[in-house]
Amino acid sequence: METYVLLGADGRLSDEPAARDVTPELCRGLYRDMVLARRLDSEAYSLQRQGELGLWLQCLGQEAAQVGSIRAIRDDDPVFPSYRDHAAALCRGIGPEALLAQWRGVRQSGWDPAEHRFGVYTLVLAAQLLHAVGYAMGVQRDGTDEVVLAYFGDGSSSEGEANEAFNWAATVNAPVVFFCQNNQWAISTPTSRQFGAPLHRRAAGFGLATELVDGNDVLAVHAATRRAAETVRRGGGPALVEATTYRMAGHSTSDDPTRYRTEAELDHWRARDPIDRLRTLLDREGWADEAFHADLDAEADALGAETRRVCRAMPDPDPSTMFDHVLPGGSPVLAAQRDGYAAYLASFEDAS
Amino acid sequence: MTTTLSRALTTALHHALETDPKVLVMGQDVGGLGGVFRVTDGLQKDFGPDRVIDTPIAEAGIVGTAIGLAQRGYRPVCEIQFDGFVYPAFNQIVSQLAKMHARTGGAITLPVVIRIPVSGGIGAVEHHSESNEAYFAHTAGLRVVAAATPQDAHWLLRQAIESDDPVIFFEPKCRYWSKGEVADGPDLPMHAARTVRPGGDLTLLTWGSMVETCLAAAAAAEEEGHDLEVVDLRSLAPIDVEALVGAVGRTGRAVVVHEAPVTGGLGGEVAASLAERCFDRLEAPVRRVGGFDVPYPAARLESHYRPDLDRVLDAVDRTLAY
């Protein structure tokens, strides 16, 4: 299968039919989303290095895959993310405080999935793909026309649950678009040690409609995801989009990617940077003037400042909160533990 | 109404499907076949394949999609075909189902019930006779219950479906065909232990498949002049500790009986709770009678593995003689 490209690495639009649908407004919007996401990502990285976050997993380099795909679906289409999907989350109105809370260690997740139609991050890989399929079964039973978008990575695709999800979705014709950000590396494991056949070929075997797209081409990702989503929405059955991209940073702030990959490989992908590529198009076509860029720079600076401010302002939670929301129906055993620990803590206050 | 434990479950599911359009039943072979134990018999005929769902053979998929359905507002009741088949779903149960409510600060509730036919006594092949309740009771965020009678099978299941908690619902498969009364309403809340037989000399603490064994032991002990109390825990997480402390506080002697291996089994949790809470009332150490620390043996040996009337009475005699 040939990789679908609309905007080449040289920043030129191809003669694919979908290129005719590309508008200046679309390009400016996608560009803005990607620039803001990269800014938040780099601020969060710095905050981790300053000790304000326990961990951060950068989405650097994957902005086009995330922004292009989430902007291709409707705002009411539910999304089940993996854990590196900050650019997609930002597009759903999830702000820096919510995004950073988990990594600062003050909560296990930062946002209400129902409010943003965006699930919480899933760290045990591929579990969310089954949740997406189940949710889509609910959509079928409700007789509505949402399409569920489920993010995962090349590494996740080896999990049994991913393959159960593909098979299950095809079996019940679930309205799901599985979106793989194939960023070439699962921590230190390259895709060559992850699967023997390309994922999009495996997906076809399950009975999924498939797309293989240049994941650093935001316009191609947008067009391919929209095509897949609309087919799914019409009842055509589940689809899988494999977006070829690259994780420019380490797996996490605890990783050292110099142990397993080369500078030459990074240079290869730097030349395919998704933001630079779209900027070249904007500049050549004159679709974004200086005022646009000045406003966007100011917006990014404000987001950066906001990210630093809300991160440092997040207090440690009260110890009693860990007992909240364990069982909706409550438990006398748990209540006794909570009260006992509160009394234990209070005994120190009495002593001082 | 007198009915079998199996039928009491069927009518509970039927009622739930009839009264709440969000309730779904899903699992392997639960539709036309009615499940391998026929607990879901006739439900698909009455409620259709969209509400009584035959699934692929994929236990993680059953629980994982149930989680997604619950996020959409449905109340799935999953059937795992046999106890030993639940492990492929362990990640979805332990890391996803149990933790989602806490992870989201209460934003997501997952009213999912997972029915598991459990324990031995039916001469089955391997992986079909395990008592694995401790894994789930050890996991925060799950409610774990075990039904031993038609009354509890029916009403505990209805309570479990109505509850917003994720519930692991154990059905002792050797009792599926035993008959008993089902009253017009529940006589206990979901978390409460039940005194099945009052007695003053010693308390047998048990659940699931062993309740009947303990009642038989108590009847035999009565002939020897011993007055044994039998308490069915029913709720294995959370355990109704107050009820156990009340009972053993009166009798001063306790034996815990379960089919699961004793090491790391819930009998240890019960014994420790009693030691913490009513040590000064105990006349003897709390004894445990359970399965051995061996993989569930081949069918011709299961009568040696499972606690029976004589092993229970042996522990009772030692505890009374202490």
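Described below are features of the structure shown in this document. (Residues numbered from 1 in each chain as written. Chains lettered and ligands numbered in written order. Predicted model: local features only at pLDDT ≥ 70, side-chain atom pairs only at ≥ 80, totals over all residues. Heavy atoms only, no water.)

Looking only at helices and strands, one finds twelve helices and 14 strands in chain B. The C-alpha atoms of chain B give 19 Å as radius of gyration, which agrees with the globular expectation for 322 residues (20 Å, within 12%). Along the first, second and third principal axes, the C-alpha atoms of chain B reach 60 × 45 × 40 Å. Evaluated residue by residue, chain B yields a buried proportion of 63% over its 322 residues. Sequence separation of 24 or more characterises 82% of the internal contacts of chain B that already satisfy a separation of 6 or more. Of the roughly 11,800 Å² of accessible surface on chain B, 52% is carried by carbon and sulfur atoms. Side-chain charges in chain B split into 28 positive and 42 negative, and the spacing between the mean points of these groups amounts to 3 Å. (Helix = DSSP H or I, 4+ residues; strand = E, 2+ residues; numbered from the N terminus. Rg over C-alpha atoms; globule rule 2.2 N^0.38 Å. Buried < 20%, exposed > 50% of the residue type's maximum accessible area, 1.4 Å probe, protein only. Contact = heavy atoms within 4.5 Å. Areas by Shrake-Rupley, 256 points an atom, 1.4 Å probe, with all protein chains shown as cover. Lys, Arg positive; Asp, Glu negative; His and termini not counted. Charge placed at Lys NZ, Arg CZ, Asp CG, Glu CD.)

Before going further, it helps to examine the layout of surface pockets. Considered as a void within the structure, the largest pocket measures approximately 1,400 Å³ in volume. Lining the largest pocket are 49 residues, with A:Phe323, A:Val326, A:Leu334, A:Gln337 and B:Ala140 positioned closest to its centre. Within the residue set of the lining of the largest pocket, elements represented by two or more residues are helix H13 (332-351) of chain A together with helix H5 (100-103), helix H6 (133-137), strand S12 (235-237), helix H9 (241-251) and helix H10 (266-278) of chain B. The leading source of residues in the lining of the largest pocket is H10(B), at six residues. (1 Å grid on protein atoms, 1.4 Å probe; cavity = no way out; pocket = protein on both sides within 12 Å on 5 of 7 lines; lining within 4 Å. Points joined across faces, edges and corners; volume = space filled by probe spheres on them.)

So, on to helix H8 (residues 210-223) of chain B. All names here are of chain B. The terminal C-alpha atoms of H8 lie 20 Å apart, and with 14 residues this matches the ideal 20 Å at 1.5 Å per residue to within 8%. Of all the residues in H8, the buried ones are Met210, Val211, Thr213, Cys214, Ala217, Ala218, Ala220 and Ala221. Against strand S9 (194-197), strand S10 (202-206), strand S11 (228-232), strand S13 (254-261) and helix H12 (309-321) lie the buried residues of H8. A positive phi of about 90° marks Gly225, the residue just after H8. (Expected span 1.5 Å × (residues − 1).)

The next point concerns the packing of aromatic side chains. Enumeration over the complete set of coordinates arrives at 25 aromatic pairs over all chains. Considering the side-chain rings of B:Tyr176 and B:Trp177, the 6.0 Å spacing of their centres and the 75° angle between planes classify their relative orientation as edge-to-face. Residue B:Tyr176 is classed as buried on the basis of its relative accessible area of 1%. By the ring-pair criterion, three or more aromatic residues cluster together here, those being A:Trp56, A:Trp103, A:Trp111, A:Phe118 and A:Tyr121. Lying over the aromatic face of A:Tyr4, A:Arg227 brings its terminal NZ or CZ to 4.3 Å of the ring centre. Positioned above the aromatic ring of B:Tyr74 is the side chain of B:Lys22, whose terminal nitrogen or guanidinium carbon lies 4.5 Å from the ring centre. (Phe/Tyr/Trp six-rings, centres within 6.5 Å; stacked < 30°, edge-to-face > 60°. Lys NZ or Arg CZ within 6 Å of the ring centre and 35° of its normal.)

Residue and element names in this part refer to chain A. On the surface, a cluster of nonpolar side chains totalling about 440 Å² of accessible area is made up of Met322, Tyr341, Tyr344 and Phe348. Relative to the helices and strands, Met322 resides in the loop between helix H12 (290-313) and H13. Relative accessible area serves as the criterion here: at 55%, Met322 is assigned to the exposed category. (Patch = residues over 30% accessible without salt bridge, like charges linked within 9 Å, V, L, I, M, F, W, Y side chains within 5 Å. Salt bridge = Lys/Arg side-chain N within 4 Å of Asp/Glu carboxyl O.)

To continue, consider the interface of chain B and chain A. By a widely used convention, the size of an interface equals the accessible area lost when the partners come together. Counting residues at the interface gives 45 residues for chain B, matched by 37 residues for chain A. For the pairing of chain B and chain A, the buried interface totals around 3,100 Å² over both sides, and the portion due to carbon and sulfur atoms is 62%. One can count four salt bridges joining chain B with chain A. The residue B:Asp50 makes a salt bridge to A:Arg141 at a minimum N-O spacing of 4.0 Å. (Buried area = accessible area lost by both parts, 1.4 Å probe.)

Further remarks concern the sheet that holds strand S4 (residues 75-79) of chain B. Two strands in a sheet stick together by hydrogen bonds in their backbones, pointing the same way (parallel) or opposite ways (antiparallel). All names here are of chain B. Strands sit in the order S3-S2-S4-S5-S7-S6-S12 across an open sheet of seven strands; the sheet is mixed. The sheet terminates laterally at strand S3 (52-54) and S12, the two strands that pair on one side only. Strand-to-strand, the axes of this sheet are offset by a mean angle of 20°, without reference to chain direction. With four bridges connecting them, strand S6 (residues 143-146) and strand S7 (residues 167-172) associate as parallel partners. Across the sheet, Val145 pairs through a bridge with Phe169, a residue of S7. Packing against the sheet, helix H7 (residues 150-162) makes contact with strand S2 (23-27), S4, strand S5 (113-118), S6 and S7, and its axis sits at approximately 165° to S7. (Pairing = 2+ DSSP bridges. Axes fitted to C-alpha atoms, helices over the stretch in contact; angles between N-to-C directions.)

Let us look at the environment of A:Thr244. All names here are of chain A. Take Thr244: it is sitting in strand S7 (residues 239-244). Here Thr244 falls in the partly exposed class, since its relative accessible area comes to 22%. The contact partners of Thr244, leaving out residues within four places of it in the chain, are Asn182, Gln184, Leu212, Val213, Asp214, Gly215, Asn216 and Trp269.

Function cannot be inferred from these measures alone, as they are strictly geometric.
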